[in-house]
Each structure stands twice: as C-alpha cells, then as structure tokens.
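Residue strings, one per chain:
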Amino acid sequence: MNTKAVFYHAGCPVCVTAEQQFVDNLKSPVESVHLGLQKDRLDEAIKAGVKSVPVLVVDGNVFHINYGAGIEALINA
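Below or above, wherever it landed, is the structure these notes cover. Just so we're clear, the structure is a prediction, and the values are computed from it rather than from any experiment.

Looking now at the overall build of the protein. Check the secondary structure of the protein and you find three helices and four strands. Relative to the 2.2 N^0.38 estimate, which gives 11 Å for 77 residues, the radius of gyration of the protein is 11 Å and therefore close to what a compact globule would have. Taken over the C-alpha atoms alone, the protein extends approximately 35 × 25 × 20 Å along its principal axes. Restricting the contact set of the protein to residue pairs at least 6 apart, pairs at least 24 apart contribute 58%. Carbon and sulfur atoms form 54% of the exposed surface of the protein, whose accessible area is close to 4,800 Å². Side chains of the protein carry 6 positive and 8 negative charges; the gap between the two charge centres is 3 Å.

A few words on the pattern of salt bridges. The full count for this structure, using the stated rule, is two salt bridges. Across the pair Arg41 and Glu31 runs a salt bridge, and its minimum N-O distance is 2.9 Å. Here the residue Arg41 occupies a position in the loop between β2 (31-34) and α2 (42-48), and Glu31 occupies one in strand β2, the gap between them amounting to ten residues. Its relative accessible area of 32% is what places Glu31 among the partly exposed residues. One salt bridge in this structure joins Arg41 and Glu44, with 2.7 Å as the shortest N-O distance. Through salt bridges with shared partners, one network takes in Glu31, Arg41 and Glu44.

Time to look at the sheet that holds strand β1 (residues 5-9). Spatial ordering of the open sheet is given by β2-β1-β3-β4, a layout of four strands whose pairing is mixed. Each end of this open sheet is capped by a strand with a single partner; those strands are β2 and β4 (61-70). When the angles between neighbouring strand axes are averaged without regard to direction, this sheet yields 10 degrees.

Take Arg41: its relative accessible area is 15%, and that puts it in the buried class. Side chain to side chain, Arg41 and Glu44 meet in a polar contact 2.7 Å long. For Arg41, the contacting residues outside a window of four places in its chain are Glu31, Val33 and Leu35.

Now for unusual backbone geometry. Cis geometry marks the peptide bond from Val53 to Pro54, where omega comes out at 5 degrees. With respect to the helices and strands, the residue Pro54 is situated in strand β3 (residues 52-58).

Procedures and definitions
- Residues numbered from 1 in each chain as written.
- Predicted model: local features only at pLDDT ≥ 70, side-chain atom pairs only at ≥ 80, totals over all residues.
- Heavy atoms only, no water.
- Helix = DSSP H or I, 4+ residues; strand = E, 2+ residues; numbered from the N terminus.
- Rg over C-alpha atoms; globule rule 2.2 N^0.38 Å.
- Contact = heavy atoms within 4.5 Å.
- Areas by Shrake-Rupley, 256 points an atom, 1.4 Å probe, with all protein chains shown as cover.
- Lys, Arg positive; Asp, Glu negative; His and termini not counted.
- Charge placed at Lys NZ, Arg CZ, Asp CG, Glu CD.
- Salt bridge = Lys/Arg side-chain N within 4 Å of Asp/Glu carboxyl O.
- Buried < 20%, exposed > 50% of the residue type's maximum accessible area, 1.4 Å probe, protein only.
- Pairing = 2+ DSSP bridges.
- Axes fitted to C-alpha atoms, helices over the stretch in contact; angles between N-to-C directions.
- Polar contact = N/O pair within 3.5 Å; in protein donor to acceptor, adjacent residues only side chain to side chain.

Okay, structure coming up:
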C-alpha cells in the first residue's frame, strides 16, 4: 500500500522544527509544501482539510501540529 503524506507549512520556526523533528523521522516519504512560497497549493490544502500550519496530511487524515498560523493568514498574505 502506498501512503501519501504531505506536510504543509509556512516556513516559520515552529514549522521548521516540526519538519525536522517529526517529518524527517517518518518511514514513508513526505512531500513538503511551503504554502508561503507555493500559494498555488493553498486551494489543495484547504480541500484536504487544512485549518492551520504546520499540518501533516496522511492518506486524507489531517493531523494539525501545534495549531500555529491559521490558513486564512496565508490566504491574505
């Protein structure tokens, strides 16, 4: 079974720490999406259920980490 995992973030210190401590230690590959730089992926993240970053989405399940910046802050930035 192929696991699809995407880590959405905004590049803030909390996001970077989450990526280093959490994502980098997963056994499955994880696509990392910097929503601050890849605004064209915002709609995709919202459709996936992302409410804040950092967040890990695994096979459609959304795992918010630390409830940092709200997705609306990224839309309006």
